[in-house]
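# Breakdown of the fold
Residues per chain are reported as follows:
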Amino acid sequence: MESGSGLDPSKSKGGGEGKFGAFLKRVEPFLPKKDLNPIELRSWAKKTGFVSDYTGETSTTKSGERSSSSAFDLPKGRGDDQTDQVSSRETDLSPILGRSRRSDIGSDSSRSKPGSVEEERGSNRNEMENEGGGKRSRDLENGSYYPGGGEGEGGGWPKPIVMKYGLRDNPPHFVPLIYYGLQHYLSLAGSLVFIPLVIVPAMGGSDKDTAAVISTMLLITGITTILHCYFGTRLPLVQGSSFVYLAPALVVISSEEFRNLTEHKFREIMRELQGAIIVGSLFQCILGSTGLMSLLLRFINPVVVAPTVAAIGLAFFSYGFPQAGTCVEISVPVIVLLLICTLYLRGVSIFGHRIFRIYAVPLSVLIVWTYALFLTVGGAYDYKGCNADIPSSNILINECKKHAYTMKHCRTDASNAWTTSPWLRIPYPFQWGFPYFHMRTCIIMIFTSLVASVDSVGTYHATSMLVNAKRPTRGVVSRGVALEGFCSLLAGIWGSCTGATTLTENIHTINITKVASRRALAIGALFLIFFSFVGKLGAILASIPQALAASVLCFTWALTVALGLSNLQYTQTASFRNITIVGVSLFFGLSVPAYFQQYQPLSTLILPSYYLSFGAASSGPFQTGIVQLDFAMNAVMSLNMVVTFLLAFVLDNTVPGSKEERGVYLWSRAEDMELDPAMQADYSLPRRVVQFFGCRCC
């Protein structure tokens, strides 16, 4: 014992060593032993299969205290031939002692009095506080700390991200609650409302149809987000129109059966999509509710998720800028403004808020939309002898045919949605008619729902780390996937063109807003439901020029690629195994669909160039004589995300590699949830639902 201890056995009565004195001799401060061999720790980790699950998060205990968890990669170790024995031994003990990286090992205060545990821990806390200060707060606002923590100085361990409002926290007043709720959806505007601006015109829909679909999407987003916040994983994730379903929808739209329709084309395609989405959503419900998803989770890891999500964004590389380039005087300024707001102005704070980062999309759209309005009013798109009513009036005039395309994509008054849409419109089930059910499109959506589930798994994992909560259990993940299937079922019944799943962009939104309050998200969802009843609001959004919408989607798709590849941070990124699997999956995920897409000689004469990559379903190389099966397989193999997922899934689960190298997702156990009140508060269903089903941690 150190001097100063009140219980020194050498000072016991009689100088003898009784039982109590012998016990005290065995009690020593929790410090490194001089004869400790660091190799023993590494060999122990390898024998027992110990895997570090360090995320840098903090969890709120029942008493309200914050307990932090640190972890290090024991199997890798920190042994270095150039360091002395003391540094190596202390480094290997850091996982047990919970110390920071080498910053405190080399300090004099940590080695001057090895017997004072509290003094050493205090010095570590002071060190972290000194390092934190203003720079750490600035870095947190600038996004330097990402899921599980951010970059530390000098190669230090990542520090936990700081949230303004956690999962169960609520703003003190109702006004901030509304503000933070709406803020979340405004930052996701590119994903929530711009898909109809692209897909409805491709379906042959009118401006009034576009406004109606936008209102339907707002309604479905509000309802499904509330359902997920209270009955899904209960993570603060917005459910909305997903890009996962956009490419399959374009494949169906570009098929020979629908491309030549003239009457009721929009309704016919919509009913076909509704039936396919309903069947695909039922498959997803079965996948989550039967426990099959829990088994599948053993094979879904970052090396599978990263290229799959990246392929979702890359699938539109031949569609994005060719569509946006129809009016470069609008599209280029939008993209430039988005890059300036998200990258160059991300550290600028106005009244304590990172306005440019959070509202990059709404600000850029508003500025460029106003600029386009001045161009339209100023006569930039007025051509001699051409009427502003396009394309109906100009298609009969030879002099105006070459200008009709530009006027349609650039003018702000090209849409008649405002004059044709009612003030009050309530979207209702089967508003476009009863769905069609065909095997060919249903097979496509079954594969799509599987990819959507894989996408959601990566989002669940990253979000749980970002909001400083413990990872959900496999059962919670399965419950979330099952509810996503139910959400897509609602989307199919109401007819929103695509399924409703977890938006990958949620990760970016939570990271920049630092708000993860469930209640704030639910309040914002209620406002979306209210806005969906205002028909004129959908008409205003439907009036956004197509080139402007395509430009915003170009940025959003690029962000999806980046967020997908960010899942590789959980793996050993320098591993040849991992980079080969990701590279091969992405390359062939783009190249194999290109092979299927070349078997369409007639499509080049009918479809626009940016739709050619989605027209392989009707004339691909897969020919068995069964028309329905041929259509489905040609369509599936022409989807980049499906091919990439299949390759990554097979390679990652067959090529040998350690758990640390693969970055295997570590999910919490059901037993841990039963014993942890904080986990139950984060992930358990509401009390009344639990009482109804009779399970505590379901």
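In this report, the structure presented in the accompanying data block is examined. (Residues numbered from 1 in each chain as written. Predicted model: local features only at pLDDT ≥ 70, side-chain atom pairs only at ≥ 80, totals over all residues. Heavy atoms only, no water.)

The next thing to look at is the overall build of the protein chain. Check the secondary structure of the protein chain and you find 35 helices and six strands. Every one of the 698 residues in the protein chain was classed for burial, and the buried ones make up 54%. Expressed as a percentage of contacts within the protein chain between residues at least 6 apart in sequence, the contacts between residues at least 24 apart total 78%. When the accessible surface of the protein chain is summed, it comes to about 30,600 Å², and 62% of that surface belongs to carbon and sulfur atoms. (Helix = DSSP H or I, 4+ residues; strand = E, 2+ residues; numbered from the N terminus. Buried < 20%, exposed > 50% of the residue type's maximum accessible area, 1.4 Å probe, protein only. Contact = heavy atoms within 4.5 Å. Areas by Shrake-Rupley, 256 points an atom, 1.4 Å probe, with all protein chains shown as cover.)

Interhelical geometry of helix H17 (residues 328-344) versus helix H27 (residues 546-565) gives an angle of 35 degrees and a closest axis separation of 8 Å. Seen from above, H17 lies across H27 with right-handed handedness. Across from Ile330, Ser331, Val334, Ile335, Leu338, Leu339 and Thr342 in H17, the residues of H27 making contact are Ala547, Leu548, Ser551, Val552 and Phe555. Counted by class, the contact of H17 with H27 contains nine nonpolar, three polar and no charged residues. (Axes fitted to C-alpha atoms, helices over the stretch in contact; angles between N-to-C directions. Left-handed = near helix turned anticlockwise from the far one by under 90°. Nonpolar A, V, L, I, M, F, W, Y, C, P; charged D, E, K, R; others polar.)

Attention shifts here to unusual backbone geometry. With a phi angle near 55 degrees, Phe430 is a residue other than glycine that sits in the positive phi range. Examined against the element boundaries, Phe430 turns out to sit in the loop between helix H21 (417-420) and helix H22 (439-466). The exposure class assigned to Phe430 is partly exposed, which follows from its relative accessible area of 33%. Of note in this structure, Cys497 is not a glycine but carries a positive phi near 80 degrees. Topologically, Cys497 is positioned in the loop between helix H23 (474-494) and strand E6 (500-502). For Cys497, a relative accessible area of 2% gives the class buried.

Here the structure, examined in full by the defined rule, presents one disulfide. The disulfide partner of Cys327 is Cys410, and the S-S distance across this bridge is 2.1 Å. Disulfide Cys327-Cys410: torsion about the S-S bond near 135 degrees, hence right-handed. Residue Cys327 is found in the loop between helix H16 (320-324) and H17, and its partner Cys410 is found in helix H20 (residues 398-410); the two are separated by 83 residues along the sequence. For the pair shown, Cys327 and Cys410 are each scored as buried. (Disulfide = S-S within 2.5 Å.)

In this section: helix H13 (residues 265-289). Note on helix geometry: an α-helix contains 3.6 residues per turn, so any two residues three or four positions apart are oriented the same way. When the terminal C-alpha atoms of H13 are compared, their 36 Å separation across 25 residues agrees well with the 36 Å that a helix rising 1.5 Å per residue should span. Along H13, 18 of the 25 residues are buried, which leaves the element largely enclosed by surrounding structure. Backbone geometry just downstream of H13 places Gly291 in the positive-phi region, at approximately 90 degrees. (Expected span 1.5 Å × (residues − 1).)

In terms of nonpolar packing, the biggest core is built from 95 residues, with Phe194, Ile199, Met203, Phe316 and Leu548 touching the most fellow members. At eight residues, the largest contribution of residues to this core is made by H27. Not counting residues within four places of it along the chain, the set of residues in contact with Leu548 comprises Ile330, Val334, Val365, Val368 and Trp369. Counting 36 residues, the second largest nonpolar core, distinct from the first, contains Leu466, Val481, Ile507 and Tyr683. (Core = buried A, V, L, I, M, F, W, Y, C linked by side-chain atoms within 4.5 Å.)

All right, on to the packing of H22 against H23 then. Following both chains from N to C, one finds H22 and H23 inclined at 135 degrees, their axes separated by 10 Å at the closest point. Between H22 and H23, the angle is such that the two are oblique. Crossing hand, H22 versus H23: right-handed. Between H22, through Ala452, Ser453, Ser456, Val457 and Tyr460, and H23, the contact on the second element is made entirely by Val477, Gly480, Val481 and Glu484. Grouping the amino acids of the contact of H22 with H23 by side-chain chemistry returns five nonpolar, three polar and one charged. (Parallel < 35°, antiparallel > 145°, perpendicular 65-115°, else oblique.)

Our next topic: helix H15 (residues 302-314). Under the 1.5 Å per step criterion, the end-to-end length of H15 is 18 Å for 13 residues, consistent within 8% with the ideal 18 Å. Among the 13 residues in H15, 12 count as buried, and that is most of the element. Its buried side turned inward, H15 meets H22, H27, helix H28 (576-597), helix H31 (640-654) and helix H32 (659-662).

Next up on the list: the pattern of salt bridges. Applying the stated rule across the entire model yields eight salt bridges. With a shortest N-O distance of 3.8 Å, Arg271 and Glu268 are connected by a salt bridge. Of this pair, Arg271 and Glu268 both sit in helix H13, three residues apart, which is roughly one turn of the helix. Judged by its relative accessible area of 22%, Glu268 is partly exposed. Between Asp676 and Lys470 there is a salt bridge, and its shortest N-O distance comes to 2.7 Å. Of this pair, Asp676 sits in the loop between helix H33 (670-675) and helix H34 (677-683) while Lys470 sits in the loop between H22 and H23, and the two are 206 residues apart along the sequence. Since its relative accessible area comes to 32%, Lys470 is described here as partly exposed. (Salt bridge = Lys/Arg side-chain N within 4 Å of Asp/Glu carboxyl O.)

Right, let's get into the environment of Leu489. Relative to the helices and strands, Leu489 resides in helix H23. The buried category is assigned to Leu489, whose relative accessible area is 16%. Considering only alpha carbons, one finds Leu489 and Ala500, 11 residues apart in sequence, at a separation of 8.2 Å. Sequence-distant contacts of Leu489, defined by excluding residues within four places in its chain, comprise Ile278, Ser281 and Leu282.

The next thing to look at is the side chain of Gln239. Structurally, Gln239 can be placed in strand E5 (residues 239-241). Dropping the residues within four chain positions of it, Gln239 is found in contact with Thr221, Thr224, Thr225, His228, Glu484, Thr501 and Thr502.

Turning next to the packing of aromatic side chains. Applying the stated criterion across every chain, the model contains 19 aromatic pairs. Summarising the aromatic geometry, the rings of Phe430 and Phe434 are spaced 5.7 Å apart at their centres and angled 35 degrees between planes, so their arrangement reads as tilted. Between Phe434 and Phe437, the aromatic rings sit 6.4 Å apart at their centres with planes inclined by 65 degrees, giving edge-to-face as the arrangement. When its relative accessible area of 55% is taken as the criterion, Phe434 is described as exposed. Note that Arg440 overlies the ring of Phe631, its terminal NZ or CZ placed 4.9 Å from the centroid. (Phe/Tyr/Trp six-rings, centres within 6.5 Å; stacked < 30°, edge-to-face > 60°. Lys NZ or Arg CZ within 6 Å of the ring centre and 35° of its normal.)

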